[in-house]
Amino acid sequence: MKRSTLIWAAWLFVTIGYAQQARQDFKADRNLSASNYVAYPGPPQQTLSPAPADYEPCYISHYGRHGSRYLIGTNDYDRPYHTLMRADSLGKLTETGRDVLRRVRMIREEAKGRDGELTRRGAEQHKQIARRMYERFPQVFAGAANIDAKSTIVIRCILSMENALQQLILLNPQLHISHDASHHDMYYMNQTDHALYARKMTPEAKKSYDAFAARHANCSHLMGLLFNDSAYWQHTIDARKLARQLFVLASNVQSTELRHSLTLYDLFTDDELYDAWQCSNAWWYINYGPSPLNGGTQPYSQRNLLRMIIHEADSCLQLPRCGATLRYGHDTMVMPLTCLLGINGYGRQITDLEQLDDAGWCDYRIFPMGSNLQFVFYRSPARPDDIILKVLLNENEATLPVKTDIAPYYHWRDFRNYYLRKLDAYKAD
């Protein structure tokens, strides 16, 4: 088991009140500080809990993020490169600074012409996820089972879907597979809610976040490594911006083949790494999580998706052979959907951004590249009206705020009633 997978295994036993768990995680594996840029490591939970007697898996409903990708927009590569190039032309870089420029140039060259595209590692992640799904729940994929797959219209999501489907058809050539990527489905596959979007960074939320980010600005050490003239970087360079740009580049290397030959994480101390992650974690919590700073309603951006999951499950469960419904999209869907469902306590509201880590709200546990939610349904011939399910977050059994007497399984009727009531109670603008 790889080191990053061992770290993920430890999360299963972490209590909510464990102080600064993320700091400990990063000491063991710095890649985990990458927030939504963490490359999917695979599930630490190797053995799943057995289902109640006589129950067998019959249907899977899934929503997954695309796999590892290059950064979106050339600015993420160009801006730090040109900043360092200009300083080098003026003789302002240290020896370390010149070496960092060399590494940034390599990263930029590898990504040229591949704006936001799926990487080789991203393709492999989805093949492996599909293979494990097939091996864990063979009854769902037996014989001529029907597999309905949909993707958003973004190429990295389409390619993620196609890599997964190629793996499934290799495992069972009899499968009946349909796949599509259309604007027709974007209202739930990648819902845009302009009213909710406008409330992401309210004046109160922005004030809290800006103050939080300022407290965790930690750039002097990094600037000293890069520049031989303190007056130059203090008066010419936006140190916080450059530090952030280099941190993003460092974070994304793990998703590319360059991970075998270089790193930028050596530029950051443990404290700098932790501070950079805290800023990302707080930003995601406010913008896509249940933050009370903006009303705690951002997860409802995925209400159409959750309704569709319930609706399609109701339909498929009427069939003697249910198969699977697979959906491929984005981190901006996986995170709010996880929070809307309240999985593993991620729907809780935390007012003080400084308490996010101590409260166990860590974004890298939710939505690494290739992150996914699997709703696995079971039925018993002896109890055909009592369908049960369990939910897997990143292929690990998850808890829900729904009462159950068969944890980690839930009665479908209880799940369905709980979330439909929750959705019906929400009043959209």
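Residues numbered from 1 in each chain as written. Predicted model: local features only at pLDDT ≥ 70, side-chain atom pairs only at ≥ 80, totals over all residues. Heavy atoms only, no water.

### Let's talk about the pairing of strand S1 (residues 56–65)
The buried fraction of S1 amounts to nine of the ten residues, a majority that puts the element mostly inside the structure. Two strands pair when backbone bridges link them, and S1 and strand S5 (residues 372–380) are joined in this way by eight bridges, in the antiparallel orientation. What sits directly across from Tyr63, in S5, is Leu373. Both S1 and strand S4 (residues 323–329) contribute to a ladder of seven bridges, which runs parallel. Note on S4: the bridge partner recorded for Tyr59 is Gly323. (Buried < 20%, exposed > 50% of the residue type's maximum accessible area, 1.4 Å probe, protein only. Helix = DSSP H or I, 4+ residues; strand = E, 2+ residues; numbered from the N terminus. Pairing = 2+ DSSP bridges.)

### Topic: the side chain of Asp275
Note on placement: Asp275 falls in helix H13 (residues 270–288). Arg23 is the oppositely charged side chain nearest to the buried, salt-bridge-free Asp275, at an N-O distance of 5.7 Å. Beyond its immediate sequence surroundings of up to four residues, Asp275 is in contact with His216 and Asn218. (Lys, Arg positive; Asp, Glu negative; His and termini not counted. Salt bridge = Lys/Arg side-chain N within 4 Å of Asp/Glu carboxyl O. Contact = heavy atoms within 4.5 Å.)

### A closer look at the pattern of salt bridges
Under the defined criterion, the tally for this structure stands at 23 salt bridges. Residues Asp193 and Arg303 are paired through a salt bridge, measuring 2.8 Å at the closest nitrogen-oxygen approach. Of the two residues, Asp193 sits in the loop between helix H7 (186–189) and helix H8 (194–198) while Arg303 sits in helix H14 (residues 303–316), which places them 110 residues apart along the sequence. No difference in accessibility class separates Asp193 from Arg303, as the two residues are buried.

These results come straight from atomic positions and should not be treated as a statement about function.
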